[in-house]
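Overview (structure and organization)
For reference, the chains in residue letters:
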Amino acid sequence: MSNADQRPIILTGDRPTGQLHLGHFVGSLRSRVGLQDSHHQHLLLADAQALTDNADNPDKVRNNILQVALDYLAVGIDPTKTTICVQSCLPALNELTMLYLNFVTVARLERNPTIKSEIQMRGFERDIPAGFLCYPVAQAADITAFKATVVPVGEDQIPMIEQTNEVVRRVNRQIGHDLLPECKALLSNMGRLPGFDGKAKMSKSLGNTIVLNASDKDIKKAVNAMYTDPNHLRIEDPGQVEGNIVFTYLDAFDPNKEEVEELKAHYRRGGLGDGTVKKRLEGVLKELITPIRERRAELEKDPDYIMDVLKQGTEKCRNITQQTLDRKSTRLNSSHLVISYAVFCLKKK
Ligand code: TRP
């Protein structure tokens, strides 16, 4: 990393467990594309984290690394501006995780609301993989190894940012100076995109996603199945916009905000049919997705290129993360995080 580069550092990433979808796009993918000039941005393909609840199916994780990388490039992540790397190939992250685990209690991990709901959703009950329970600590290692201050993520990741900052403060207190920076979550102003069935979350396991390379047919099918206002039975009836998923999607994707507001007013007054609104949304989604799908299909023909991008990005990130944790450092007040407890103790004197 060049010292001349004063841009804020971003680290964010995704678990490679499936293709990304419009929920990811609205949650943070779209903003990442916009941030790559003003920020020093790194994207992590979090395969090690994905393994914490997919240990019985490593092939799923392995195969999806390339799929998510394709999604990144297809939406406009430019590898000459953003570094894309593979988490499991960055050994410094594991060493930092081992250190940080001593600064976090099991009770604190069990209180993490995202972890709580994920444990419930996955039906782990008492059989929680230890790696899964501890992944917020590993995520703190990810973020701090890059000295990232900005983390563009969806709302569900806020507890991870909070835990990261707790670790940061704990380490800085121990070391006696602000070696690690605190970070903040960068949320999209849209909040979470519901599934097309109206369920609160778009998720592959619920079968309510629209993937980033959806075909025209898939788009049409999803839009037609969209939940609207169940009481809006005849076109001339006044309709409800709140909780009407078609309007939620228009708010998220239609570039013409003014026209959307007019449509809403018309729908509320009555006289505007669901079919008309859905037709418009179908057009908007096709316009968004078609170039992404075409670019992805092009990129898919050249897996060697994608592998090159990942290799080069990972090599760069290996250096960055290793520098944060330089065990060979002998200077006690160096800017490196020295892992040895003996050194922590020495520094105190
Ligand atoms: N937990 C994130 C998710 O499920 C993925 C992730 C791993 C991440 N490491 C990260 C996000 C570091 C931001 C920063 O989407």
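Quick look at the structure, then. As the structure is a computational prediction, the values presented were derived from the model and not from experiment. (Residues numbered from 1 in each chain as written. Predicted model: local features only at pLDDT ≥ 70, side-chain atom pairs only at ≥ 80, totals over all residues. Heavy atoms only, no water.)

Next up on the list: the pattern of salt bridges. Applying the stated criterion across every chain, the model contains 23 salt bridges. Residue Asp 237 pairs with Arg 234 through a salt bridge whose shortest N-O separation is 3.3 Å. For Arg 234, a relative accessible area of 52% puts it in the exposed group. Taken together, the shared-partner salt bridges connect Arg 15, Asp 53, Glu 118 and Arg 122 into one network. (Salt bridge = Lys/Arg side-chain N within 4 Å of Asp/Glu carboxyl O. Buried < 20%, exposed > 50% of the residue type's maximum accessible area, 1.4 Å probe, protein only.)

With that settled, consider the packing of helix 3 (residues 58-75) against helix 14 (residues 303-324). Across the interface, helix 3 lies against helix 14 with an axial gap of 11 Å and an inter-helix angle of 90°. Looking at the two axes, helix 3 sits roughly perpendicular to helix 14. Contacts from Ile 65, Leu 66, Ala 69, Leu 70 and Leu 73 in helix 3 reach Pro 303, Tyr 305, Ile 306, Met 307 and Leu 310 in helix 14. The residue makeup of the contact of helix 3 with helix 14, split by class, is ten nonpolar, no polar and no charged. (Axes fitted to C-alpha atoms, helices over the stretch in contact; angles between N-to-C directions. Helix = DSSP H or I, 4+ residues; strand = E, 2+ residues; numbered from the N terminus. Parallel < 35°, antiparallel > 145°, perpendicular 65-115°, else oblique. Contact = heavy atoms within 4.5 Å. Nonpolar A, V, L, I, M, F, W, Y, C, P; charged D, E, K, R; others polar.)

Turning our eyes to something else, we now look at the nonpolar core. Ile 210, Tyr 249 and Phe 253 are the most contacted members of the largest nonpolar core, which has 50 residues in total. The element best represented in this core is helix 3, accounting for eight residues. Once you skip the residues sitting within four places of it in the chain, Ile 210 turns out to touch His 21, Leu 22, Phe 196, Met 202, Ala 222, Met 226, Tyr 249, Leu 285 and Ile 289. Listed in part, the 39 residues of the second largest apolar core include Ile 9, Phe 124, Met 160 and Ile 175. (Core = buried A, V, L, I, M, F, W, Y, C linked by side-chain atoms within 4.5 Å.)

Let's shift gears to the packing of helix 4 (residues 91-100) against helix 8 (residues 135-145). Contact geometry for helix 4 and helix 8: axes closest at 8 Å, N-to-C directions at 125°. One way to sum up the angle between helix 4 and helix 8 is to call them oblique. Seen along the crossing, helix 4 lies across helix 8 with a hand that is right-handed. Contacts from Leu 93, Leu 96, Thr 97 and Tyr 100 in helix 4 reach Val 137, Ala 138, Ala 140, Ala 141, Asp 142, Thr 144 and Ala 145 in helix 8. Its residues assigned to classes, the contact of helix 4 with helix 8 comprises eight nonpolar, two polar and one charged. (Left-handed = near helix turned anticlockwise from the far one by under 90°.)

A separate point is the environment of Lys 201. Tracing the chain through its elements places Lys 201 in the loop between strand 5 (184-186) and helix 10 (216-224). Considered as a pair, Lys 201 and Ile 320 are 119 residues apart in the sequence and their alpha carbons are 35 Å apart. Ignoring any residue separated from it by four or fewer positions in sequence, one finds Lys 201 in contact with Asp 156, Arg 192, Leu 193, Pro 194, Gly 195, Leu 206 and Asn 208.

The next thing to look at is the layout of surface pockets. Within this model, the largest pocket holds a volume of roughly 1400 Å³. Lining the largest pocket are 48 residues; nearest its centre among them are His 24, Glu 118, Asp 156, Gln 157 and Lys 201. Mapped onto the lining of the largest pocket, the elements with two or more residues apiece are strand 1 (9-14), helix 1 (22-35), helix 6 (113-122), helix 8 and strand 4 (150-152). Of the residues belonging to the lining of the largest pocket, the class tally is 14 nonpolar, 21 polar and 13 charged. Quantified by volume, the second largest pocket comes out at close to 280 Å³. Forming the boundary of the second largest pocket are 16 residues, of which Ala 48, Leu 93, Asn 94, Thr 97 and Ala 138 lie nearest the centre. Mapped by element, the contributors of at least two residues to the lining of the second largest pocket are helix 2 (47-51), helix 4 and helix 8. (1 Å grid on protein atoms, 1.4 Å probe; cavity = no way out; pocket = protein on both sides within 12 Å on 5 of 7 lines; lining within 4 Å. Points joined across faces, edges and corners; volume = space filled by probe spheres on them.)

Glancing now at the site of the ligand. In the vicinity of the ligand there are 13 residues, among which Arg 15, Gln 49, Gln 139, Asp 142 and Gln 157 approach most closely. At a separation of 2.7 Å, a nitrogen atom of the ligand approaches a polar side-chain atom of Gln 49. Gln 157 places a polar side-chain atom, nitrogen or oxygen, 2.9 Å from a nitrogen atom of the ligand. When the free accessible area of the ligand is taken as 370 Å², the share hidden by the protein chains comes to 91%. Its atoms largely coinciding with the cavity grid, the ligand occupies the largest pocket. Looking at the shell around the ligand, the elements that each hand over two or more residues are strand 1 and helix 8. (Near = heavy atom within 4 Å. Polar contact = N/O pair within 3.5 Å; in protein donor to acceptor, adjacent residues only side chain to side chain. Areas by Shrake-Rupley, 256 points an atom, 1.4 Å probe, with all protein chains shown as cover. Sits in = over half its atoms within 2 Å of the grid points.)

All told, the structure shown has four aromatic pairs when counted by the stated rule. Ring geometry for Phe 247 and Tyr 267: centres 5.0 Å apart, planes at 65°, overall edge-to-face. Remark: Tyr 267 occurs in helix 12 (residues 257-269) and Phe 247 occurs in helix 11 (residues 245-253); sequence separation between them is 20 residues. Residue Phe 247 is classed as buried on the basis of its relative accessible area, which comes to 1%. What makes Tyr 267 buried here is its relative accessible area of 0%. (Phe/Tyr/Trp six-rings, centres within 6.5 Å; stacked < 30°, edge-to-face > 60°.)

In this section: the side chain of Thr 52. Position of Thr 52 among the secondary structure elements: in the loop between helix 2 and helix 3. Using a relative accessible area of 16% as the deciding quantity, one classes Thr 52 as buried. In this structure the side chain of Thr 52 is engaged in a polar contact, spanning 2.7 Å, whose partner is the backbone oxygen of Gln 49.

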